[in-house]
Structures are given as C-alpha cells and as structure tokens.
Amino acid sequence: AQKITQTQPGMFVQEKEAVTLDCTYDTSDQSYGLFWYKQPSSGEMIFLIYQGSYDEQNATEGRYSLNFQKARKSANLVISASQLGDSAMYFCAMREGPPYGNNRLAFGKGNQVVVIP
Amino acid sequence: DGGITQSPKYLFRKEGQNVTLSCEQNLNHDAMYWYRQDPGQGLRLIYYSQIVNDFQKGDIAEGYSVSREKKESFPLTVTSAQKNPTAFYLCASSIVSYPGGAVNTEAFFGQGTRLTVV
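Residues numbered from 1 in each chain as written. Chains lettered and ligands numbered in written order. Predicted model: local features only at pLDDT ≥ 70, side-chain atom pairs only at ≥ 80, totals over all residues. Heavy atoms only, no water.

*Asks:* When you look at a nonpolar patch on the surface in this model, what are you seeing that I'm missing?
*Replies:* Side chains of Tyr 10, Phe 12 and Val 118 of chain B sit close together on the surface and give an oily, nonpolar patch of about 370 Å² of accessible area. Looking at where Phe 12 of chain B falls in the secondary structure, it is placed in strand β2 (residues 10-13). (Patch = residues over 30% accessible without salt bridge, like charges linked within 9 Å, V, L, I, M, F, W, Y side chains within 5 Å. Areas by Shrake-Rupley, 256 points an atom, 1.4 Å probe, with all protein chains shown as cover. Salt bridge = Lys/Arg side-chain N within 4 Å of Asp/Glu carboxyl O. Helix = DSSP H or I, 4+ residues; strand = E, 2+ residues; numbered from the N terminus.)

*Asks:* Teacher, can you tell me more about the interface of chain A and chain B here?
*Replies:* Note: interface size is frequently given as the accessible area lost on complex formation between the parts. Contact with chain A, which involves 21 residues of that partner, is made by 32 residues of chain B. Buried area between chain A and chain B, both sides added, is near 2100 Å², and the carbon and sulfur share of it is 53%. Area buried by chain A at its contact with chain B is led by Tyr 100, Asn 103 and Arg 104 of chain A, which between them contribute 31% of it. Of the charged contacts, one joins Asp 59 of chain B and Arg 104 of chain A as a salt bridge, the two residues approaching to 3.1 Å between their closest N and O atoms. The interface formed by chain A and chain B includes 4 residue pairs in polar contact (both at pLDDT 80 or more). Only β5 (32-39), β6 (46-52) and β10 (88-96) of chain A provide two or more residues apiece to the side of chain A that touches chain B. Sort the elements by how many residues they give to the side of chain A that touches chain B and β5 of chain A lands first, with 3 residues. A breakdown of the residues in the side of chain A that touches chain B according to their chemical character gives 10 nonpolar, 7 polar and 4 charged. (Contact = heavy atoms within 4.5 Å. Buried area = accessible area lost by both parts, 1.4 Å probe. Polar contact = N/O pair within 3.5 Å; in protein donor to acceptor, adjacent residues only side chain to side chain. Nonpolar A, V, L, I, M, F, W, Y, C, P; charged D, E, K, R; others polar.)

*Asks:* Would you mind going over the state of the cysteines with me for this structure?
*Replies:* Put plainly, two cysteines are in a disulfide when a covalent bond ties their sulfur atoms together. Scanning the entire structure with this criterion turns up 2 disulfides over all chains. Cys 23 of chain A shares a disulfide with Cys 92 of chain A; S-S distance 2.0 Å. Looking along the S-S bond of the Cys 23 of chain A-Cys 92 of chain A disulfide, the torsion reads about -65°, which is the left-handed sense. Taken together, the positions of Cys 23 of chain A in the loop between β3 (19-21) and β4 (24-25) and Cys 92 of chain A in strand β10 put the pair 69 residues apart, joining distant regions of the chain. Looking at Cys 23 of chain A, the relative accessible area reads 0%, which means it is buried. Assessed through its relative accessible area of 0%, Cys 92 of chain A is described here as buried. Covalent S-S linkage joins Cys 23 of chain B and Cys 91 of chain B, the inter-sulfur distance amounting to 1.9 Å. The sign of the S-S torsion, about -75°, decides the handedness of the disulfide formed by Cys 23 of chain B and Cys 91 of chain B: left-handed. (Disulfide = S-S within 2.5 Å. Buried < 20%, exposed > 50% of the residue type's maximum accessible area, 1.4 Å probe, protein only.)

*Asks:* Would you mind going over the environment of Gly 33 of chain A with me for this structure?
*Replies:* Residue and element names in this part refer to chain A. On the secondary structure map, Gly 33 appears in strand β5. Assessed through its relative accessible area of 0%, Gly 33 is described here as buried. For the pair Gly 33 and Cys 23, spaced 10 residues apart in sequence, the C-alpha to C-alpha distance is 13 Å.

*Asks:* In this structure, what is going on with the sheet that holds strand β7 (residues 64-66) of chain B? I would like to understand it.
*Replies:* Strand pairing in a sheet relies on backbone hydrogen bonds. The paired strands run either parallel or antiparallel. Residue and element names in this part refer to chain B. Taking strand neighbours across the sheet as the criterion, the 4 strands line up as β1-β3-β8-β7 in an open arrangement whose pairing is antiparallel. What marks the edges here is a single partner per strand, and that holds for β1 (4-7) and β7. When the angles between neighbouring strand axes are averaged without regard to direction, this sheet yields 20°. In the sheet, β1 pairs with strand β3 (residues 19-25) via 4 bridges, with the strands oriented antiparallel. (Pairing = 2+ DSSP bridges. Axes fitted to C-alpha atoms, helices over the stretch in contact; angles between N-to-C directions.)

*Asks:* Help me out: how do you make sense of the pairing of strand β5 (residues 43-51) of chain B in this one?
*Replies:* Consecutive side chains along a regular strand alternate between the two faces of the sheet. All names here are of chain B. Inspection of the sheet shows strand β4 (residues 31-37) paired to β5 by 6 bridges, in the antiparallel sense. In the sheet register, Tyr 35 faces β5, and the bridge partner there is Leu 45. Linkage of β4 to β5, two consecutive antiparallel strands, is achieved through a turn of 5 residues, within which Gly 40 is found at a positive phi near 70°. By the bridge criterion, 3 bridges tie β5 to strand β6 (residues 54-57) in an arrangement that is antiparallel. Looking at β6, one finds that Tyr 47 is bridged to Lys 57.

*Asks:* Could you clarify how one ought to interpret the side chain of Asp 86 of chain A in this entry?
*Replies:* All names here are of chain A. Among the structural elements, Asp 86 can be located in the loop between β9 (74-79) and β10. Judged by its relative accessible area of 3%, Asp 86 falls in the buried class. Within the local environment of Asp 86, its side chain forms a polar contact with the side chain of Arg 63, the two groups lying 2.8 Å apart. Beyond its immediate chain neighbours, meaning those up to four positions away, Asp 86 contacts Lys 38, Arg 63, Tyr 64, Ile 79, Ala 81, Val 113 and Val 115.

Structure (structure tokens):
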C-alpha cells in the first residue's frame, strides 16, 4: 500500500502568490517524521522542512510552512510568496518510527510546480 | 565545502554488463543510502548502511549490490541481474540519532547519476 500519497496534477502558480501542496500518509506508528524535499530540473534533492509526529506546532522554515493535521494524516506544504526559482518537483516523505537509528524514508510521487511571472 | 559527490553524472551500460556508481561524502555521516527514481515517480530505497561494514536491503535490492568499507564511501553496483536498470540514481547520507539526540535527521543528497542501458 502506498505510504505517501501526492495526487495533485501539475500546478501553475503566479509569482508572489502562495501555493499549497497536498500530502497524505499512512502509518500505524505513533512516532514518525515527515519531510518535504524540492527537486529542481538539475536533479538534486533539497531538504525544505521537517515535522515530527509529536511536534505540537506546525513547522516553518522561511517561506515554507507545513500544515500538519495529525488526525487526518495530512502534511501539506505551503509556499508563500512564490518565486520563479520555486519551479520544481516537490516530494513528501515519511520516516516511520522514532528517529533513533532509523532514517529510511518512503517518498510520494511528487507534485510539479511551475511559477509564472 | 561539505557534501555528497556522485560520479559519473551520466553512465551508459551495455546489456549484460555490471557497472558501479560512486558515492562519497565528507559530512561525517554514519548513514548512507541509495535510491532509484524512475520518470514521474518518487524515490525508492535500494540499500542503506548505518555503519561501516554493515548494510541492509531496501525495498528494491534485487539486481544491486553495495559495499561500505569506509565511512565516506558507499558504491552501488548495478549487476546484469537487474532487468530494467535505466533510471536516475541518488545517493544520500544522514546522521544516526540516538535517544536524547537530534530528531530531525534529514538526508542530504548528491547530484545523482543517470544510468542508461544501450
């Protein structure tokens, strides 16, 4: 079964607008971690933001914030004030279990974002 | 600068050949990983290692082999047994956390190797 689901089609976003990328996950573990990565056309994966399952506050990193709804098992990424350089694939990933000695990640299929001027 | 270096960037393999993809890191990370990415897909874990001289199979290990003789290096061999090796391969590394330690153990990735069978 798919552990991470990202089903949005490719998105076009106007520069300076906000965009929300959906991610739902499936796990029976109480302790887990959720990550978002950006993959530009060059191919490298760039870490954006992390949310732990026990974190009470939604994570924020600059223009990135994570809308964590634990009961719904969703971890949506919000990018505020989009820039042309935000055009990329965005991947949601999950580590099941506590972080101690376990860093295996399960990835979703990604969301394509194109920022237009 | 600290980081992960993968080489080569592009690799062409003839059918029936084994090829080895290089991955070196100078981040002093204990854990290293190999992922495979197919077009329009997410990453799938091939192998991972959390300590020198030890490694575990991931979700799609068949047709691949690895070694971890040094902390800095985690080469991946794509063997002739891998029936569909054409893909983008990404190497990553991370710290290994212990109770009381960091909880955000994000993986740092290399630039990737694009392997094509000709």
